[in-house]
Amino acid sequence: MSDGRPRRQAALRAVMTAHGVDGLLVSGAANLRYLTGFSGSAGHLLMTAQRAVLVTDFRYEVQGPADVGSAAEIRIERSNLWAGLRAAMATSQIERLGIDKARVTLADQEELRQAKGVGLVPLSGLVEPLRAAKDAGELLAIKAAAELAAAALAATIDFIRPGRTELQVAALLESNLRQRGSEWHPFQSIVASGPRSALPHARSTERAIEAGDLLVMDFGAQVDGYCSDITRTFVVGARADDRQRTTYEVVRQAQARARSGLKAGLTGREGDSLARDVINRAGMGPAFGHSLGHGLGLEVHESPRLSQTSETPLPAGAVVTVEPGVYFEGWGGVRIEDDVVLLADRAECLSDGLTDLMELV
Ligand code: ZN
Ligand code: ZN
């Protein structure tokens, strides 16, 4: 697989030129990883027309160079990362330094102002849009993370039955994810049963699953830094009743329509509508209170968004989740989520896409 880092850095330099800055402080672990391969949690990346300097601390003295190779100079700072960054800036002739206004705090800015002769230029999100379209290596990692998540779920299914608590199911699922090679959980796994399945972002609790419960499981794996994000909804300990079956079928059809209709070039709103129209027609529109999906990559929520308020065309190569859901307080909820890559004329599913209703009896 070709090394995407030189191309990514060149693309960022073009964006810097367009914004009239001769230096850029890149913040955020995912951005650093994308541009340099650095997998640590603490560091700053200084980009100029000629240089990429990663300033990090002694914990990464060995790991940093192994991750980064020739993609950036590495400066290991034993006391103060900001002092190291200022020293790198002093040898880089920077006059206008772009900073990310969503990430650089006021305290950080005080540190940066100690650098002589450098003007700070607040900008927003220069790296994140570059990350939206994935290259072949990134797609392989996301697909591997999706396959790993499916395998972990398959190894957990037999354990799910009335009497098990949400936390017990979450614990086994997370153990299965890690044992199969997930680097970490990209987000707190959701295992929500019965009426609690109506909470779209429920925490897993000590509640014991009861026969006839809906069970929503939303979880993912992480491979080479890249995340998957899958949701499956089951009926546990009984056959689905009529309302469960009807509700599930509406969400399944909405998700299927979005998966078959999504493609690059649609706006986020048009993408969202593919599923929302089906749910609206079934009279469940008010119960679908969130957007259809979000970008997926080094972070579990990134560009682009599939939402009713997004008029931005979806870029080719973007990976997005497709996750319609309906939630009825006191009764329960159904959500079905898969991960797809957007191509010019269609979407290709990276997760297993197995969405038929499963009754765990
Ligand atoms: Zn999810
Ligand atoms: Zn999601």
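What counts and how
In this convention, every chain numbers its residues from 1, walking through the sequence in written order. Think of it this way: whatever chain is written first is A, whatever ligand is written first is 1, and the rest follow in order. Local features are withheld for residues below a pLDDT of 70 in this predicted model, meaning they are given only at 70 or higher, and side-chain atom pairs are given and counted only at 80 or more; totals for whole chains, interfaces and linings count all residues. Only hydrogens and water are set aside; all other atoms, that is, all heavy atoms of the structure, feed into the side-chain values. Any nitrogen, oxygen or sulfur atom within 2.8 Å of a metal ion counts as a donor, with the limit raised to 3.2 Å for Na, K and Ca, and since water is left out, coordination shells can look unfinished. Key to geometry: four donors with every angle between 85 and 135 degrees are tetrahedral; four donors are square planar and six octahedral where opposite donors lie over 155 degrees apart and all remaining angles lie between 65 and 115; all other sites are irregular. Put simply, DSSP H or I for four residues or longer makes a helix, DSSP E for two residues or longer makes a strand, and each gets a number counted from the N terminus. Each residue is assigned to one of three classes by its accessible area relative to the maximum for its type, calculated with a 1.4 Å probe on protein chains only: buried under 20%, partly exposed between the two thresholds, exposed over 50%. The term salt bridge refers to a side-chain nitrogen of Lys or Arg lying within 4 Å of a carboxyl oxygen of Asp or Glu.

Draft legend 1. Region of the structure containing the coordination of the zinc ion (ligand 2). Those protein atoms acting as donors to the zinc ion (ligand 2) are Asp-229 (OD), His-294 (NE2), Glu-323 (OE) and Glu-337 (OE), and they sit at 2.1 to 2.2 Å. Taken together, the 4 donor atoms coordinating the zinc ion (ligand 2) span angles of 78 to 153° at the metal, a pattern that classifies the geometry as irregular. A gap of 3.1 Å separates the zinc ion (ligand 2) and the zinc ion (ligand 1), which Asp-229 links by coordinating each metal. In this pair, Asp-229 is assigned in the loop between β10 (226-227) and β11 (230-236) and Glu-337 in the loop between β16 (332-335) and β17 (338-342), connecting sequence segments 108 residues apart. For the pair Asp-229 and Glu-337, a shared accessibility class is recorded, and that class is buried.

Draft legend 2. Structural detail: unusual backbone geometry. Note the cis peptide between Ser-303 and Pro-304, where omega equals -5°. On the secondary structure map, Pro-304 appears in strand β13 (residues 302-306). With a phi angle near 50°, Gln-93 is a residue other than glycine that sits in the positive phi range. A residue is classified by how much of its surface remains accessible, and Gln-93, at 66% relative accessible area, is exposed. A positive phi is found at Asp-224, a non-glycine position, where the angle reads about 50°. Along the chain, the position of Asp-224 falls in the loop between β9 (222-223) and β10.

Draft legend 3. Just the pattern of salt bridges, in detail. Counted according to the given criterion, the structure contains 30 salt bridges. A salt bridge links Arg-78 to Glu-61; the nearest nitrogen and oxygen atoms lie 3.1 Å apart. One end of the pair, Arg-78, is in the loop between β4 (73-77) and α4 (81-90); the other, Glu-61, is in the loop between β3 (52-57) and α3 (63-68), and 17 residues separate them in sequence. Glu-147 serves as the salt-bridge partner of Lys-143, at 3.8 Å between the closest nitrogen and oxygen. Of this pair, Lys-143 and Glu-147 both sit in helix α7 (residues 136-154), 4 residues apart, roughly one helical turn. Look at the salt bridges and you will find they share partners, linking Arg-7, Arg-8, Asp-135 and Glu-138 into a network.

Any functional reading would require information that these geometric values do not contain.
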